[in-house]
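# Notes for the structure review
Spelled out from the first residue to the last, the chains are:
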Amino acid sequence: MAYAITQTCCNDASCVSVCPVNCIHPTPDEPEFGTTDMLYIDPQACIDCGACADACPVDAVFPVDRLRGPDTVFGDLNRDWFRDHPSDHAWGAPSFPRSLPGDLGALRIAVVGTGPSAGYTAQELLRGTSAEITMIDRLPVTGGLLRHGVAPDHQSTKRIAESFASVFHDPRLRMNLNVEVGTDVTHQELAAHHHAVVYAVGAAADRRLGIPGEDLPGSLPATAFVGWYNAEPTVPADAVELSAARRAVVVGNGNVAVDIARILLTDPDRLAVTDIADHALAALRGSSVREVVLLARRGPEQAAWTRAEFLALRQLPGVEVVVADDPEVRAAIEGAAAGSQAAQLAGLPLVPYDGCAEPGPERRIVLRFLSAPVGLSGDGKVEALAVERTVVAADGEVEGTGAEDVLRTGLVVRSIGHRGVPLPGLPFDERTGTVAHREGRVVDPATGRVLPGTYVVGWAKRGPSGGIGANRACARETVDALMDDAAARALPVPVAGRKEFDLLVRQRRPDAVGLRELRAVDRAERERGEAEGRPRVKLATVSELLAAGRRR
């Protein structure tokens, strides 16, 4: 019986490299890699060896005959992908590990960030070079979006963090947490102590709606909401109020918007066995929210969610998913091509929708398309969202029609994408919201000149696109560029060493967190979780994390 890849696929292609018959596609060498929702196993070519399941870091691969309930659809999805993408599974040209000239000595490389892109970067460097790595993060814990971005009911996705455990514990790697680059140490100081600096800082800013009332209490960005339920230490426990409003509106319909809608309406008892923040679980237990509207400016054909995430949303126990009826939306669903985004809505109820009516007692998610937010209003807090009917022009641009109505709501979360923020000492491309670069080498956009020894990876490099696993190929490209520069003797020679940098950090941040303290935090959270039947209970503030680190 063939194997199939399921919802939690991380796309990092660990399975591809171990498949003896090359039946998992798209591979990192194929044009579609990084653009598909997930990877797929050809059931006609699979030899049922199970190597892919053993290699999968997120437990997403199972024999088709073991799939049960909602997961049975993934056998069909894997098979159907090859119907439209025939492959002879021929092997490409062999590739061999990179190496550096032996007389270079050990490179010292700083990696700013500890999320997936940073983890993959350190992994590539430790496997392919004799480099000594310094990892730096502004928070007292590692993980980035793995810890603070992945929804708590996706525990299997978070298991990819375990693949980085050996990286973070490597004797050639030192950890400097609770240290902010640009505040505690500068880029110039990092460069003075290292041959190269790699920035893996993500895209920390949310895109704004640019409408009146956007800053009213009750209106917040997706990063704040996601950080709130994931115990991100910079997001206060009272950042989200759920006890008053019966309707919440999420602007956007990508995977993050779907996560937020799902968490808002999931039975809290189901979340109580996850690592959700204690304060969020308490708020959800007392929540008045019974209806979540996913608001999209475009039509069903342009829905931004991935198929796997939307399938999970449709199958959420105790929650009805409906589509706000509209003639154009109805026509798009009825005329949808097989396998399209709009086709995923087939079979869902199309219901007349009145955003001023009080939601009923049952929990439901309303998919409302061709609707753009134009203004928030309320007496000291959000009470209503004005929405304009839109059309999608032939050129793909969204245009307003002037027809407006109102949604009564006390909570509006904007989930319309992320954007990088400028980093002190580095050039920034305002147009793309990324660090300007060429194949990972940071460049001055005005002159095109490469900044020697300075690199970028992840969302800070390519923008907020691609899931966790996409960072693996991204990191490999950046590390390849770094290694080429090292082999060409193009990296600057640091004027100070590792001990001097450690001393500098201790002087600037006496409360910096190292590996021993990080282990103590991990141990404390796991012990708390074990007592409650959960994977861990997260410490939610910087002070709690630092205190746990001192109790080692």
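Report on the accompanying structure.

What counts, and at which threshold
- Residues numbered from 1 in each chain as written.
- Predicted model: local features only at pLDDT ≥ 70, side-chain atom pairs only at ≥ 80, totals over all residues.
- Heavy atoms only, no water.
- Helix = DSSP H or I, 4+ residues; strand = E, 2+ residues; numbered from the N terminus.
- Expected span 1.5 Å × (residues − 1).
- Buried < 20%, exposed > 50% of the residue type's maximum accessible area, 1.4 Å probe, protein only.
- Contact = heavy atoms within 4.5 Å.
- Pairing = 2+ DSSP bridges.
- Axes fitted to C-alpha atoms, helices over the stretch in contact; angles between N-to-C directions.
- Phe/Tyr/Trp six-rings, centres within 6.5 Å; stacked < 30°, edge-to-face > 60°.
- Right-handed = clockwise from strand over helix to strand, strands pointing away.

Between its first and last C-alpha, helix α3 (residues 73–84) extends 17 Å over 12 residues, near the 16 Å set by a 1.5 Å rise per residue. Those residues of α3 not exposed but buried are F74, G75, L77, N78, W81 and F82. Where α3 is buried, its residues touch β1 (3–5), β2 (24–25), β3 (40–41) and α14 (307–314).

Another point: the sheet that holds strand β19 (residues 411–414). One open sheet accounts for seven strands, arranged β10-β19-β11-β12-β15-β13-β14; its pairing is parallel. Since the sheet does not close on itself, it has two edges, and those belong to β10 (219–221) and β14 (350–351), each with one partner. Bridging between strand β13 (residues 319–324) and strand β15 (residues 363–368) involves five bridges; their strand directions are parallel. Of the residues in β15, the one forming a bridge with E320 is R364. Its contacts with the sheet put helix α10 (residues 222–229) on β10 and β19, and the angle it makes with β10 is roughly 80 degrees. This element, helix α11 (residues 255–265), spans β11 (247–251), β12 (291–295), β13, β15 and β19 of the sheet and lies at about 175 degrees to β12.

This brings us to the packing of aromatic side chains. Applying the stated criterion across every chain, the model contains eight aromatic pairs. Aromatic pair F164 and F168: ring centres 6.4 Å apart, planes at 35 degrees, arrangement tilted. Residue F164 shares its accessibility class with F168, and that shared class is buried. With a centroid separation of 5.5 Å and an interplanar angle of 50 degrees, the aromatic rings of F225 and W228 are classed as tilted.

The side chains of a regular strand alternate between the sheet's two faces. With five of six residues buried, strand β6 (residues 132–137) lies mostly within the body of the structure. Relative to β6, strand β5 (residues 108–112) is paired through five bridges, and the arrangement is parallel. If you follow I109 over to β6, its bridge partner there is I133. Following the backbone out of β5, through helix α4 (residues 116–128) and into the adjacent parallel β6, one traces a crossover that is right-handed. The pairing of β6 with strand β7 (residues 173–177) spans five bridges and is classified as parallel. The partner of I133 across the bridge, within β7, is L173.

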